[in-house]
Amino acid sequence: MGLLVGLVAGIAIGAAVYEREMRRMARFLRDRPAGSNARLNVELPSGASRELAREINVQLDAIQGERIAAMAKTQEFQRDLSSLAHDVRTPLMGAQGHIQLAMTKDLSADDGRHLTVALQRLDDMRGLLDQLFAYARANDPDRTLDLEPVAVQPLVAEVLVGHYPEFEERGWEPTVDFDDERFTLEADRTALRRIVDNLVTNALRHGSGAPVITQRGDAVSFSNPISAEAAAGIDAAKLFDRFYQADDSRGTHGSGLGLAVAQSLARAMHLHLAARIDRDPDTRTSGIVIVLEPAPGIMRS
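Residues numbered from 1 in each chain as written. Predicted model: local features only at pLDDT ≥ 70, side-chain atom pairs only at ≥ 80, totals over all residues. Heavy atoms only, no water.

Undergrad: I tried to follow the confidence of the model for the protein chain on my own but got confused; where do I start?
TA: Regions with low pLDDT carry predicted coordinates that are not meant to be interpreted in detail. Averaged over all residues, the pLDDT of the protein chain equals 79, while 77% of them reach at least 70. In the model, residues 248–252 has pLDDT below 50 throughout and makes ten contacts with residues more than four positions away in sequence or in other chains. (pLDDT = per-residue confidence, 0-100. Contact = heavy atoms within 4.5 Å.)

Structure below.
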């Protein structure tokens with residue numbers, strides 16, 4: 001009888017140990033980061049556990065190899081896209097030059113009108129291509145960024161001055177309100193300027209009033225009013241997706257890449273962009289607010 005009790009107890013202990021080991025393996029697989037090289041080890045001496053761990057590690061290695069290969073193919077595509085966008089710009093500029101030369105000749109009214117439209121279409125295409133090139137460059141794995149403390153308020157002022165004719169045409173006067181005029185972000189100056197320029201351009205294209213740019217703490221906010229109808233057609237969670245266009249909100253059509261470029265550059269500099277739609281039920285007004293700040297977990301110097 002005592003032997004039977006001991007046998008049952010031994011089986012129960014063995015089952016408990018085996019279950020604990022299976023739970024440990026499951027916890028390892030659940031908590032293991034996707035890009036980790038960590039391998040599953042075995043704490044039980046049994047051959048079955050070792051064989052299971054060996055097969056799991058084989059599959060983990062295969063998944064890691066596929067992930068690395070997919071990243072390499074993505075990076076190769078991004079390099080090719082960057083080269084293609086650059087190469088296409090040359091013949092496009094040549095075509096524009098020939099049209100401009102032809103327009104210096106004596107032309108009939110119809111011919112002049114057709115050439116003017118063609119030149120405008122080529123100019124639109126060049127603008128879209130420039131955005132595609134900017135997106136490809138922002139995601140180029142070979143691109144290096146020189147990070148340094150960049151004073152944000154003077155940079156914002158430079159961008160706004162560059163868009164002065166567009167603001168004057170609309171009768172808008174942007175507001176810049178910084179708590180700390182010496183506020184800096186750790187960034188590449190050229191890349192940060194591109195981000196600010198894209199955010200200002202977005203406000204000019206899709207806003208219904210002058211933008212307001214504020215700095216509070218570590219965050220810089222870009223906000224501009226939009227119509228209620230426009231706000232209803234915008235999904236703030238998708239604003240940074242490439243090629244996303246909320247058609248009802250757009251008075252002019254862009255490439256849908258401006259904010260995607262800004263987001264890619266921000267991530268490369270350990271910054272974070274987020275968007276939301278603010279609605280005031282009392283005044284029945286709405287606004288897009290885009291916030292630029294250090295990424296979570298990044299301390300500002």
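Undergrad: In this structure, what is going on with helix α4 (residues 152–162)? I would like to understand it.
TA: An α-helical turn contains 3.6 residues, so any two residues separated by three or four positions project in the same direction. Taken together, the buried positions of α4 are V152, L155, V156, V159 and L160. One side of α4 holds all its buried residues, which, seen down the axis, span an arc of 135°. (Buried < 20%, exposed > 50% of the residue type's maximum accessible area, 1.4 Å probe, protein only. Helix = DSSP H or I, 4+ residues; strand = E, 2+ residues; numbered from the N terminus. Arc of directions from axis to C-beta.)

Undergrad: I tried to follow the pairing of strand β4 (residues 212–216) on my own but got confused; where do I start?
TA: The side chains of a regular strand alternate between the sheet's two faces. As judged from the four bridges shared by strand β2 (residues 175–178) and β4, these two strands associate in the parallel manner. By the bridge assignment, T175 is partnered in β4 with V212. Here β4 pairs with strand β5 (residues 219–226) via five bridges, running antiparallel. Residue pairing in the sheet places T214 in a bridge with S221 of β5. Connecting the antiparallel pair β4 and β5 is a turn made up of two residues, with G217 showing a positive phi of about 65°. (Pairing = 2+ DSSP bridges.)

Undergrad: I'm lost on the environment of A210 in this one. Help?
TA: Tracing the backbone through its elements, the reader meets A210 in the loop between α6 (189–206) and β4. Those residues in contact with A210 that sit more than four places away from it in its chain are W172, E173, P174, S223, N224 and P225.

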